[in-house]
Amino acid sequence: MEEKLLSAISTVGFPIVVSCYLLVKFQATLDRFSNKVDELILELRNGYYYMNPHNAT
């Protein structure tokens, strides 16, 4: 792993390697955040229709 990392740094440069590393690491966090936002939207919709049943389509 360390050899691959050092090879990548020498090939493309340190800033690019750090940027790629951060993108890969934050992708899982962004996916979880997106899923939670989707769940929140569904909960808000369900709550809205529960509180206002005459507006349900």
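The sections below set out a description of the structure shown in this document. In this text, all values refer to a predicted model and were calculated from it rather than measured experimentally. (Residues numbered from 1 in each chain as written. Predicted model: local features only at pLDDT ≥ 70, side-chain atom pairs only at ≥ 80, totals over all residues. Heavy atoms only, no water.)

### Here we look at the overall build of the chain
The line we're drawing: A run of DSSP states H or I qualifies as a helix once it reaches four residues; a run of E qualifies as a strand once it reaches two. Both are numbered from the N-terminal end. Only the protein chains shown count as cover for residues, and all accessible areas are computed by the Shrake-Rupley method using a 1.4 Å probe.
Within the chain one finds 2 helices and 0 strands. Accessible area for the chain stands at about 5,500 Å²; split by element, carbon and sulfur atoms hold 66% of it.

### Things to note about helix α1 (residues 2–12)
Counted only if it meets this: Residue burial is assigned from relative accessible area. The probe radius is 1.4 Å, only protein chains are included, and a residue is buried under 20% of its type maximum, exposed over 50%, and partly exposed in between.
Taken across its 11 residues, α1 has 0 buried, putting it largely on the surface. Count one or two residues on from α1 and you reach G13, which has phi positive near 105 degrees.

### Side note on a nonpolar patch on the surface
Where we set the bar: Residues forming no salt bridge and having over 30% relative accessible area are the ones grouped into patches, like charges within 9 Å of each other and nonpolar side chains (Val, Leu, Ile, Met, Phe, Trp, Tyr) within 5 Å. The working definition used for a salt bridge is a side-chain nitrogen of Lys or Arg within 4 Å of a carboxyl oxygen of Asp or Glu.
Together, F14, V18, Y21, L22, F26 and L30 make up a nonpolar patch on the protein surface, roughly 610 Å² of accessible area in all. Within the secondary structure, V18 sits in helix α2 (residues 14–51). For V18, a relative accessible area of 31% puts it in the partly exposed group.

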